[in-house]
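Observations on the model geometry
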Amino acid sequence: MVGETMCRDLSKFTPIFLLLVLSGLLFLLRNIQSLEKLNSKTVSAFYHLQNTSPMDSTMRAAHPVRSDWDQSYCGSLGLRPSPEEAAEERYLLESIAWPQPPGPPIPLLKSSDPAHSFFTIRRTGRGWHVGDQLEVWVQMRDFEGQPKHHGGDFLLARLHSPELGGGVVGHVVDHQNGSYSVLFWLPWKGQAYVTITMVHSSEAVQVLKRLREEHPDRIYFKSLFRSGPFSETTICNLCLPPHQPLCNYTNPHTGEPWFCYKPKLLSCDMRVNHAKGGYQKNLLTSKEELLFQSNVNIKVSVPASGPDHITVLPKSKAKPEKAKSGAVKFVPSGFYYNHMWQTTSGVPLRQFNTTRAVTRCLGGKFVHIFGDSTARQWFEYLSSYVPGLKEFNVNSPKKVGPFLSVDSVHNIMLKYRCHGPPIRFSTVATSQLRYVADELEALAGGRDTVIMVSVWSHFSTFPVEVYIRRLRAIRGAILRLLQRAPDTVVVVRTGNPQALDPVISLYNSDWFSMQLHGVLRAMFWGLNVVLVDAWEMTVAHHLPHDLHPPPAIIKNMIDVILSHVCPEKN
Ligand SMILES: *[C@@H]1O[C@H](CO)[C@@H](O)[C@H](O)[C@H]1NC(C)=O
Ligand SMILES: *[C@@H]1O[C@H](CO)[C@@H](O)[C@H](O)[C@H]1NC(C)=O
Ligand SMILES: *[C@@H]1O[C@H](CO)[C@@H](O)[C@H](O)[C@H]1NC(C)=O
């Protein structure tokens, strides 16, 4: 009885109460709106409101960077792998394991110095013939000229013959005592030069490993939320510390996690877009910074002690020397000769040198290209090379897509779409933010369908498990596609080395890309897909490394792909 009276009494005030609440709410919204218009550097109030960490480097400068990525809540995100998947993951991680240094971090003077190090060509009694193996010995030394006694330096090796247009990668074996063997397979005859490059010292690799474990959020993301006139921007990532409410955008099919902080006033389904937020700064101590110096210890060549070249003789009639038991025999994916890539396995390669040849091959085909900007290069190359292909302006943002190009005379359709988060493109509309695996499920496939996938660069800041999970989802979708349409040509591209400086090294080092390359090759090995080994095609080439390999290399990739789409008839 008492309660009922109180209710009735209070109800008199309801309209006033509602009015108060509403005006308060409006005031709050107006303030947030105007705050958002201000320059991000001057607005600490808005960020304060957000209370999130990786907003702006200017905010972080005052404090040493603290990682918000904690395995205790990041490790358990997403679908749990099955026992087979977990076993594969362990195997893959083991296969790319990198040696630990024996002790605590050492000063620059004791770290590996390519200028003091040297390589020597191991002579053999019978010289070298095509098809033989060349062994090169590398001794690493520190800045004081003392030999190193542990391994872990990241070296790249190349054998090349400039006047023959020849190039091939070498396989580096780490003896874990400061010396390395490099094995080259000799595909052509003539003079061939050895180049050994130290990409990073073992000491620098340890720093990169630490960054990958402790700061996977060193590149961060953001999303805009909007409803009518109101908008808010929040931080997003694969994993966020849960000190605020989260929006959970975990992919329901693949179980791959993605989160944004929930906007204060708008709801999670009002997310309009996804974009790269920025880079965390001040990741290194001043001592660590010394390990990343251009022209000193980032991608510097190791000099030869003695001759740096050999003369390869024609294939010997005699039986090749019997390999010592336990000796590694290395066969690369391919090599350049006369500037043309030849693969060591698979179908014989054809050259698609004329627009007519490319048009004839692609006539009647639907080509779906998925992935990062290195996949987009294929779209751009074909779209501009084939005269009949006309790019449709579908009002897509530049460099982001999706893109469509059509040749209605020869019935060719070419499409490009970027991969899902953590894509680092400028701004991708939520409606266009799709996972490659989901897109593949939606394709019928068939003999007129060509699928090309390149997904790697935007995973370099994360633990390798994240990449394994992404590839597992894509591989599953590819295998189902090949079940329902076995004639579909599926092409998968690995990562490639790029130009590195002290800053880029921390986010996109070749060391990260090389590890992802190893994982991808192992996961797609033996499947009915065309593997484009962009790693070897870039390391073996004479042009400087570039995140987006130059047209000469893209042309060779297209030759590899089209040779599988349109194999030589005989
Ligand atoms: C390093 O290890 C290799 C392979 O076991 C060996 O041949 C070489 O002599 C060792 N070098 C030194 C300096 O101990
Ligand atoms: C996010 O959603 C996925 C699936 O919808 C669920 O499995 C997961 O537990 C959720 N994560 C959090 C932190 O809420
Ligand atoms: C294609 O071009 C290359 C280099 O220009 C040339 O060496 C090769 O013979 C050409 N191939 C064909 C099939 O025309």
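Residues numbered from 1 in each chain as written. Chains lettered and ligands numbered in written order. Predicted model: local features only at pLDDT ≥ 70, side-chain atom pairs only at ≥ 80, totals over all residues. Heavy atoms only, no water.

1. Section: the site of ligand 1
Taken together, Trp 137, His 175, Asn 177 and Ser 179 make up all the residues around ligand 1. One of the side-chain nitrogen or oxygen atoms of Asn 177 is found 2.3 Å away from an oxygen atom of ligand 1. Alone, ligand 1 offers 360 Å² of accessible surface; in the complex the protein occludes 37% of this. (Near = heavy atom within 4 Å. Polar contact = N/O pair within 3.5 Å; in protein donor to acceptor, adjacent residues only side chain to side chain. Areas by Shrake-Rupley, 256 points an atom, 1.4 Å probe, with all protein chains shown as cover.)

2. Topic: the packing of aromatic side chains
For the structure on display, the rule yields 13 aromatic pairs. Where Trp 98 meets Phe 154, the ring centres are 6.1 Å apart and the plane angle is 90 degrees; that geometry is what we call edge-to-face. Taken together, the residues span a long stretch of sequence, with Trp 98 in the loop between α6 (83-95) and β1 (118-121) and Phe 154 in strand β4 (residues 154-161) at a distance of 56 residues. Pairing Phe 221 with Trp 258 gives two aromatic rings, centres 5.3 Å apart and planes at 75 degrees, and the pair type is edge-to-face. Taken together, the positions of Phe 221 in strand β9 (residues 219-227) and Trp 258 in the loop between β11 (246-248) and β12 (259-261) put the pair 37 residues apart, joining distant regions of the chain. Of the two residues, Phe 221 and Trp 258, both sit in the buried class. Through pairs of rings, three or more aromatic residues link up here, namely Trp 98, Phe 154, Trp 511 and Phe 512. (Phe/Tyr/Trp six-rings, centres within 6.5 Å; stacked < 30°, edge-to-face > 60°. Helix = DSSP H or I, 4+ residues; strand = E, 2+ residues; numbered from the N terminus. Buried < 20%, exposed > 50% of the residue type's maximum accessible area, 1.4 Å probe, protein only.)

3. Regarding the sheet that holds strand β13 (residues 273-279)
Pairing in this open sheet of six strands is antiparallel, and the strands run β11-β12-β10-β9-β13-β22 from one edge to the other. The strands lining the two open edges of the sheet, one partner per strand, are β11 and β22 (427-429). Within this sheet the neighbouring strands show an average axis-to-axis angle of 30 degrees, counted without direction. The sheet contact formed by β13 and β22 spans three bridges and is antiparallel. Across the sheet, Ala 275 pairs through a bridge with Thr 427, a residue of β22. (Pairing = 2+ DSSP bridges. Axes fitted to C-alpha atoms, helices over the stretch in contact; angles between N-to-C directions.)

4. Digging into the side chain of Ser 405
Position of Ser 405 relative to the elements: it lies in strand β20 (residues 403-407). Here Ser 383 takes part through its side chain, which lies 2.7 Å from a polar atom of the side chain of Ser 405.

5. Concerning the site of ligand 2
Taken together, Asn 248, Thr 250 and Phe 259 form the complete shell of residues around ligand 2. Burial of ligand 2 by the surrounding chains reaches 35%, relative to a free accessible area of 370 Å².

6. Thoughts on the pairing of strand β18 (residues 366-371)
Consecutive side chains of a regular strand alternate in pointing toward one face of the sheet and then the other. For β18, the buried fraction is high: five of the six residues fall into the buried class. Relative to strand β21 (residues 412-418), β18 is paired through six bridges, and the arrangement is parallel. Following the sheet pairing, Ile 369 is matched in β21 by Tyr 416. Relative to strand β23 (residues 449-454), β18 runs parallel, the two sharing six bridges. Within β23, the residue paired with Phe 370 across the bridge is Val 453.

7. Details of the packing of helix α7 (residues 202-214) against helix α14 (residues 510-524)
Two elements in contact, α7 and α14, have axes whose closest approach is 10 Å; the angle formed by their N-to-C orientations is 70 degrees. With respect to each other, α7 and α14 are oriented roughly perpendicular. Residues Val 205, Leu 208, Lys 209 and Arg 212 of α7 form the contact with α14, whose own contacting residues are Trp 511, Phe 512 and Gln 515. Here the contact of α7 with α14 is composed, by residue class, of four nonpolar, one polar and two charged. (Parallel < 35°, antiparallel > 145°, perpendicular 65-115°, else oblique. Contact = heavy atoms within 4.5 Å. Nonpolar A, V, L, I, M, F, W, Y, C, P; charged D, E, K, R; others polar.)

8. Description of the nonpolar core
Counting residues in hydrophobic clusters, the biggest one holds 112 residues, and the most contacted among them are Phe 292, Ile 369, Trp 378, Leu 440, Met 452, Ile 478 and Val 519. The biggest single contributor to this core is helix α12 (residues 464-484), with 11 residues. Ile 478 has contacts with Leu 440, Val 490, Val 492, Phe 524 and Val 529, leaving out every residue within four places of it along the chain. (Core = buried A, V, L, I, M, F, W, Y, C linked by side-chain atoms within 4.5 Å.)

9. Here we look at the pattern of salt bridges
Summed over all chains, the structure comprises 18 salt bridges. Here Arg 376 and Glu 380 are joined by a salt bridge, their closest N and O atoms 3.1 Å apart. Within this pair, Arg 376 and its partner Glu 380 are both found in helix α10 (residues 373-385), separated by four residues, close to a single helical turn. Its relative accessible area of 6% is what places Arg 376 among the buried residues. Among the salt bridges present, the one from Arg 434 reaches Glu 439, with a minimum N-O distance of 3.3 Å. Taking the relative accessible area as the measure of exposure, Glu 439 reaches 17% and is therefore buried. (Salt bridge = Lys/Arg side-chain N within 4 Å of Asp/Glu carboxyl O.)

10. What about the pairing of strand β8 (residues 190-200)?
With eight of 11 residues buried, β8 is to be regarded as a mostly interior element. Across seven bridges, β4 lies against β8 in antiparallel orientation. Bridge pairing in β8 places His 160 opposite Tyr 193. Two elements, β8 and strand β15 (residues 309-313), share four bridges in a ladder whose sense is antiparallel. Bridge pairing in β15 places Ala 192 opposite Ile 310. Sheet analysis places β8 next to strand β14 (residues 300-302), joined by three bridges and oriented antiparallel. Within the sheet, the bridge partner assigned to Met 198 lies in β14 and is Val 300.

11. Remarks on the state of the cysteines
Counted according to the given criterion, the structure contains three disulfides. A disulfide bridge connects Cys 247 with Cys 268, and the sulfur atoms are separated by 2.0 Å. In this structure the cystine formed by Cys 247 and Cys 268 twists about its S-S bond by roughly -85 degrees; its chirality is therefore left-handed. With Cys 247 in strand β11 and Cys 268 in the loop between β12 and β13, the pair connects residues that are 21 residues apart, well separated along the chain. (Disulfide = S-S within 2.5 Å.)

12. Looking at the sheet that holds strand β24 (residues 489-493)
Strand order in the open sheet formed by seven strands is β19-β20-β21-β18-β23-β24-β25, with mixed pairing between adjacent strands. Strands with a single pairing partner mark the edges of an open sheet, and in this sheet they are β19 (390-392) and β25 (530-532). Sheet twist, expressed as the average angle between the axes of neighbouring strands with direction ignored, equals 20 degrees. Judged from the five bridges that link them, β20 and β21 form a sheet pairing that is antiparallel. Bridged to Val 406 within β21 is Met 413.

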